[in-house]
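What follows is the residue order along each chain.
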Amino acid sequence: MVESLDQLFVNLKHWALGFLPEALQPLVSAVLSIVPLVAVFGGLFAIVTIFERKGLGRIQNRYGPNRVGIPFTDIRLAGFGQFIPDGIKALIKEDVVPRAADKVVHFLAPVVLLIPVLLTYAVLPIGRNMTVVDFDAGVLFFFSVGAAVEISVFMAGWSSRNKYSLLGAMRGIAQMISYEIPLILSAVTVIMLVGSLKTSDIVAAQAGFTAGLPNWFVLTPWGFAGFVMFLIAALAESNRAPFDLPEAESELIAGYFTEYSGFKFALFFLGEYLGMFAIIGLGITLFLGGWHAPFPFLTWVPSYVWFMTKLLAIVFFFIWVRGTLPRLRMDQLMSFAWKFMIPMALINLVVAAVWHFMAGTGAARWVVCALLIAGPYVLLGRGLMENKHLGKRTYRFAD
Amino acid sequence: MSPVFLILALVTLLSAVAAISFRNLVHCSLSLVVTFAGLAGLYLQLHAQFVGFAQVLVYIGAVAILIVFAILLTRSADTPNHAVLAPGWLVGIAVAVVVFGALGLAILKSEAISKKVPAAPEATVKQIGDALMNQYVLPLEVIGLLLTAAMIGAVIIAMRDDKEAK
Amino acid sequence: MTELQGYLLLSALLFTIGLAGAITRRNAILALIGIELMLNAANLNFIAFWRFGPNPEALTGLMFVIFSIAIAAAEAAVGLALIIAIYRHYKSVNLDEMNNLKG
């Protein structure tokens, strides 16, 4: 029973494929893998936008959307129907293209954003036996396809012929390139210890429990440091607060998609959220045990439920961060990436190697590895604070 | 000649021609991205998965972005009004055609090219990693050194001189 | 025409296009784009020979391409840094105007 519930979708697909002739099967199999994925994450996008607005509202002491429920009825659902009018509004709004804009590039930019973002979902194991394509170089595929997002940001910013758009695009690209390095370096620790780029192998390496706790990589010193860095870099990669300089409303209007309206704007919005889900999904796969249950007595819950629970938990964390932290300044952003994140990611790489070679020494390797991370963290942090490269924001008010 | 190969080859060639013939440099660099993507597809067709992904990561994620940054930093993003071709461009085209003729002739007439198609080779990431860490470890270290040197060199060359700034 | 010849011809065409771009355009950045195209054509050759060659298990062609991609990245970085430095000096990226040896 538990087994069949866990494999429900896999079996459903095989059952449906059984009715088809041999020749059609590969094609239909691909369609049957992709369509539910797009539908589920598209639905998640709709829910999360409301979730985010309501969550931010709570944090800022207001209600957030709470009127729209199911259309043509009196059921309000606490405002969770808001995405329906939002979607309709985006669809029927006039599509304004600036006269000076480079029409073709302006049109292609949102498409170029969405394609790589959707492609990254191909390698995410969202449940047991539930990976669309289990590439031998899966993690590399994720990062390489993700790199194409920068091109779309540039296309959007440049083709609009608007200085706010161009500034936002240049900020965005600089930020994405800078934070891609700690992102990849922190993922490399996991790849190094698992010895495989295959996402299913990485999840399989985190199976099982020791002393009631799961064998997730986040519960090791290097894994914890790596996970924290991965999350920070993921926040920056998905252009979310406190790293939302590329689209800082109060400075750049909306950054690289200032000149987009209607459906194209909705595509940018969708691409951004789907990119965020994908990168969180990779973080879960790498550090949080993928679809594995956190405790031995909870293993009966289907694997995809665990994946989605972890995903929603981190999405909530991202919303919380957005509501709490102020936006960074450009120089702070850059020096944080280059002077703190990258050195720490490199040190973490060494720590992971030390951890590997000290296997079998028991508590000693925990102490050594924890010290190897905490020492540089304190020294680096203090050094940067002293020179005021990083540090608390000071406010100056007009006299 | 599989249809997939023909489509990818057509996309690659057309975008390569576009990359060198558009007047606007940004359009050129965007066409270049398509060429790189097409080449990555061809690598996948040739069962070189790792190289195909590395191609996308390095060329689209880094080289194309670098080119775009250089275009914007040198203020050449606008469509130029003056001639874009070098004075001796006809000679240049002639040279290119001659080169292609020689290469094409060599390819079509060569006896060394075997007619039989061997079984698809397998190159897993593990094999590549083993080869890099054993047989090719010295080249790997040298590449690491070269990349570091190139990075420092590029920063120093592009850095504004202090004298100039004042 | 065998499959290998198809790939080799494609690579030769790509090389020719890159060559034509590098020598017929005035702009230094376009010359660099042409050079990148030529490098990619060479890479395609390596991979094609690896795939259809006599002993692919040695991975020689693949390794060559991996190193060549790394070198191409370094080359692009240095080349574009040079172009930016030259632009700062001459206020132009036109190759014909860079004919002055005095600093």
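These numbers were taken from a predicted model, which means no experiment stands behind them.

A. Seen up close, the overall build of chain C. Within chain C, the secondary structure is distributed over three helices and zero strands. Mapped from its N terminus to its C terminus, chain C presents α and β elements in the order α-α-α. If one aligns the C-alpha atoms of chain C with their principal axes, the spans along those axes are about 55 × 25 × 15 Å. Split into buried and exposed, the 103 residues of chain C put 63% on the buried side. Of the contacts formed within chain C by residues at least 6 apart in sequence, a portion of 58% connects residues at least 24 apart. Treating the 6 positive side-chain charges of chain C as one cloud and the 6 negative ones as another, the clouds have centres 15 Å apart.

B. Seen up close, the overall build of chain B. From N to C terminus, chain B includes seven helices and zero strands. The C-alpha atoms of chain B give 21 Å as radius of gyration, which overshoots the globular expectation for 166 residues (15 Å, by more than 25%). For chain B, buried positions account for 40% of its 166 residues. In chain B, 54% of the contacts between residues at least 6 apart in sequence involve partners at least 24 apart. Taking the average location of the 9 positive side-chain charges in chain B and that of its 8 negative ones, the two points are 8 Å from each other.

C. Fine view of the side chain of arginine 51 of chain C. Residue placement: arginine 51 of chain C occurs in helix α2 (residues 28–52). With residues up to four places along the chain from it excluded, the contact list for arginine 51 of chain C reads Leu46, His47, Val117, Pro118, Ala119, Ala120 and Pro121 of chain B.

D. Region of the structure containing empty space enclosed by the protein. Residue and element names in this part refer to chain A. Tallying each qualifying case throughout the model produces one cavity of 30 Å³ or more. Its boundaries defined by the atoms lining it, the largest cavity holds a volume of some 330 Å³. Forming the boundary of the largest cavity are 23 residues, of which Val117, Gly146, Val149, Glu237 and Gly275 lie nearest the centre. Counting only elements with at least two residues in the lining of the largest cavity, the list comes to α5 (103–120), α6 (138–146), α8 (163–194), α10 (221–237) and α12 (262–287). It is α12 that provides the largest number of residues to the lining of the largest cavity, a total of seven residues. Looking at side-chain class alone, the lining of the largest cavity contains 14 nonpolar, six polar and three charged residues.

E. Expanded view of the interface of chain B and chain A. Contacts between the two partners involve 22 residues from chain B and, on the opposite side, 24 residues from chain A. A buried area of about 2000 Å², summed over both sides, lies between chain B and chain A, and 80% of it is on carbon and sulfur atoms. At the boundary of chain B and chain A, one finds four residue pairs in polar contact (both at pLDDT 80 or more). Contributing elements (two or more residues each) for the side of chain B that touches chain A: α2 (25–45), α3 (49–73) and α5 (125–133) of chain B. Among the elements that take part in the side of chain B that touches chain A, α3 of chain B stands out by supplying 13 residues, more than any other. Taken together, the residues of the side of chain B that touches chain A break down into 16 nonpolar, five polar and one charged.

F. View of the packing of helix α14 (residues 330–357) of chain A against helix α15 (residues 363–386) of chain A. Residue and element names in this part refer to chain A. The N-to-C vectors of α14 and α15 enclose an angle of 165°; their axes lie 10 Å apart at closest approach. One way to sum up the angle between α14 and α15 is to call them roughly antiparallel. Viewed along their axes, α14 and α15 form a crossing whose handedness is right-handed. Residues Lys339, Phe340, Pro343, Met344, Ile347, Asn348, Val351, Val354 and Trp355 of α14 pack against Arg365, Trp366, Val368, Cys369, Leu372, Ile373, Pro376, Tyr377, Leu380, Gly381 and Leu384 of α15.

G. Representation of the pattern of salt bridges in the model. All names here are of chain A. One pass over the full model with this rule turns up four salt bridges over all chains. Here glutamate 52 makes a salt bridge to arginine 240, at a shortest N to O gap of 2.8 Å. With glutamate 52 in helix α3 (residues 25–59) and arginine 240 in the loop between α10 and α11 (249–252), this residue pair connects regions lying 188 residues apart in the sequence. Residue classification places glutamate 52 among the buried positions, given a relative accessible area of 2%. Each of Glu52, Arg240 and Arg322 takes part in one network of salt bridges that share partners.

H. Representation of the interface of chain B and chain C within the structure. With 84 residues of chain B at the contact, the number on the chain C side is 67 residues. Regarding the contact of chain B and chain C, the summed buried area is about 6800 Å², with carbon and sulfur atoms giving 79% of it. The tally of links from chain B across to chain C stands at zero salt bridges. The interface formed by chain B and chain C includes four residue pairs in polar contact (both at pLDDT 80 or more). Of all the secondary-structure elements, those providing two or more residues to the side of chain B that touches chain C are α1 (3–21), α2, α3, α4 (89–109), α5 and α6 (137–158) of chain B.

I. Looking closely at the domain arrangement of chain B. Structurally, chain B comprises domain 1 (1–78) and domain 2 (123–166). Summarising the inter-unit geometry, the C-alpha centres of domain 1 of chain B and domain 2 of chain B are found 22 Å apart.

J. Main features of the nonpolar core. Within the largest apolar cluster, 189 residues are counted, with the highest numbers of intra-cluster contacts made by Phe41 and Phe277 of chain A. When residues of this core are assigned to domains, at least three map to each of domain 1 (1–78) and domain 2 (123–166) of chain B. In contact with phenylalanine 41 of chain A, other than residues within four places in its own chain, are Tyr121, Ile126, Leu274, Phe277, Phe307, Met308 and Leu311 of chain A.

Parameters and conventions
Residues numbered from 1 in each chain as written. Chains lettered and ligands numbered in written order. Predicted model: local features only at pLDDT ≥ 70, side-chain atom pairs only at ≥ 80, totals over all residues. Heavy atoms only, no water. Helix = DSSP H or I, 4+ residues; strand = E, 2+ residues; numbered from the N terminus. Buried < 20%, exposed > 50% of the residue type's maximum accessible area, 1.4 Å probe, protein only. Contact = heavy atoms within 4.5 Å. Lys, Arg positive; Asp, Glu negative; His and termini not counted. Charge placed at Lys NZ, Arg CZ, Asp CG, Glu CD. Rg over C-alpha atoms; globule rule 2.2 N^0.38 Å. 1 Å grid on protein atoms, 1.4 Å probe; cavity = no way out; pocket = protein on both sides within 12 Å on 5 of 7 lines; lining within 4 Å. Points joined across faces, edges and corners; volume = space filled by probe spheres on them. Nonpolar A, V, L, I, M, F, W, Y, C, P; charged D, E, K, R; others polar. Buried area = accessible area lost by both parts, 1.4 Å probe. Polar contact = N/O pair within 3.5 Å; in protein donor to acceptor, adjacent residues only side chain to side chain. Axes fitted to C-alpha atoms, helices over the stretch in contact; angles between N-to-C directions. Parallel < 35°, antiparallel > 145°, perpendicular 65-115°, else oblique. Left-handed = near helix turned anticlockwise from the far one by under 90°. Salt bridge = Lys/Arg side-chain N within 4 Å of Asp/Glu carboxyl O. Domains from an automatic or database assignment. Core = buried A, V, L, I, M, F, W, Y, C linked by side-chain atoms within 4.5 Å.

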